[in-house]
Amino acid sequence: MSKNYELIEVSKQGKLGLIALNRPKVLNAINRPMVSEILDAMENFEADSSVRAIVLSGKGRAFAAGADIDEMANDNAIDFELRNQFKDWDRLAMIKKPIIGAVQGFALGGGFELALCCDMLYAADDAEFGFPEVNLGVMPGAGGTQRLTKLVGKTRAMEWLFTGKRISAREALHCGIVNTLIAKELLLEETIKAAELIANQAPVSIRFIKEAVLKSVDTPLNEGMELERKNFYLLFSTEDQKEGMRAFIEKRKPEFKGK
Ligand code: DAK
């Protein structure tokens, strides 16, 4: 990849775009330039038709131990408002290609929020999630209270947000925060394999499925059903639908073009 990033590592592997947070000395603490770099890389992958899925991971012993506390310690409310920093986070959650996260070690605070922006999460046995913001006299601001609650329900979310207590990989699996647990040394390899399966599916199907599933989180059933139906109809105007069904009938593997 031609671009030079300082705080993340970005590469392409077949149909995948790979992004790895790369400040291992501070456990990938997420500072503002890092969020901009992540967004820039995601947007480039979104615009690149050869990329069908994105894998997001962290280098070193953590996925990310939260937003950079040194950077924000002296901020005040108006600094946040004027910088409008949340717009980058909001944009991250709107990337239309599937994002598969690989979490090892800590995914805390903003790191957990970033993980919750992924569509699927693979985690190492040593992964630990949590929202320690309460210990710092603040609270999550990049979607944590909302996305966690919608995922695991009110009582668990309240407990974890009130106490800042860490959630083990096993508990995260049990509560549906992560899809599967993998031995740490195989985490990235296995996440890439899972992402490749998705990358080989019909891209427009994947895109519309992501849109419909995300819609279900904050819409009444009937509204969500309407979107699902429209997307379903729309897929019948793609070449990939014709190819997919023809391939089934001809008993061969489909070759999807993303059109
Ligand atoms: N920020 C800055 N540095 C961090 C850090 C962080 N979040 N987490 C770790 N580090 C640094 C440590 O300071 C240490 O640096 P040196 O002392 O070596 O220079 C290095 O990483 C290694 O960490 P430790 O020595 O502490 O390692 P341990 O294994 O002993 O402990 C730990 C690991 C994860 C338990 C501990 O480092 C820790 O408690 N870290 C802080 C966790 C935390 O409180 N995270 C939540 C931060 S609040 C926003 C969007 C999002 C947010 C805010 C605004 N906007 C869009 C405006 C989110 C807020 C948060 O995430």
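Provided above is the structure to which this section pertains.
What counts, and where the lines are drawn
Residues numbered from 1 in each chain as written. Predicted model: local features only at pLDDT ≥ 70, side-chain atom pairs only at ≥ 80, totals over all residues. Heavy atoms only, no water. Near = heavy atom within 4 Å. Polar contact = N/O pair within 3.5 Å; in protein donor to acceptor, adjacent residues only side chain to side chain. Areas by Shrake-Rupley, 256 points an atom, 1.4 Å probe, with all protein chains shown as cover. Helix = DSSP H or I, 4+ residues; strand = E, 2+ residues; numbered from the N terminus. Nonpolar A, V, L, I, M, F, W, Y, C, P; charged D, E, K, R; others polar. Salt bridge = Lys/Arg side-chain N within 4 Å of Asp/Glu carboxyl O. Buried < 20%, exposed > 50% of the residue type's maximum accessible area, 1.4 Å probe, protein only.

Trainee: Describe the site of the ligand, listing the residues and the values that go with them.
Mentor: Around the ligand, 25 residues are found, and the nearest of them are Arg-61, Ala-65, Ala-67, Ile-69 and Gly-110. Between the ligand and Arg-61, the relevant distance is 2.9 Å, taken from an oxygen atom to a side-chain nitrogen or oxygen of the residue. Here the ligand has 1100 Å² of accessible area as a free molecule, and 67% of this is covered by the chains. When residues of the shell around the ligand are traced back to their parent elements, those giving at least two are α2 (69-72), α4 (86-92), β5 (106-108) and α5 (110-116). Tallied by class, residues from the shell around the ligand come to 15 nonpolar, four polar and six charged.

Trainee: Give a description of the pattern of salt bridges that names residues and reports values.
Mentor: Taken as a whole and assessed by the stated rule, the structure comprises 18 salt bridges. For Asp-119, the salt bridge is made with Lys-210, and the minimal N-O distance between the two is 2.8 Å. Separated by 91 residues along the polypeptide, Asp-119 in the loop between α5 and β6 (120-124) and Lys-210 in helix α10 (residues 203-217) bring together distant segments of the chain. Looking at Lys-210, the relative accessible area reads 10%, which means it is buried. Taking the shortest distance from any N to any O, the salt bridge between Lys-193 and Glu-190 comes out at 3.1 Å. One end of the pair is Lys-193 and the other is Glu-190, both in helix α9 (residues 187-199) and three residues apart, which spans about a single turn.

Nothing here speaks to function; it is all geometry.
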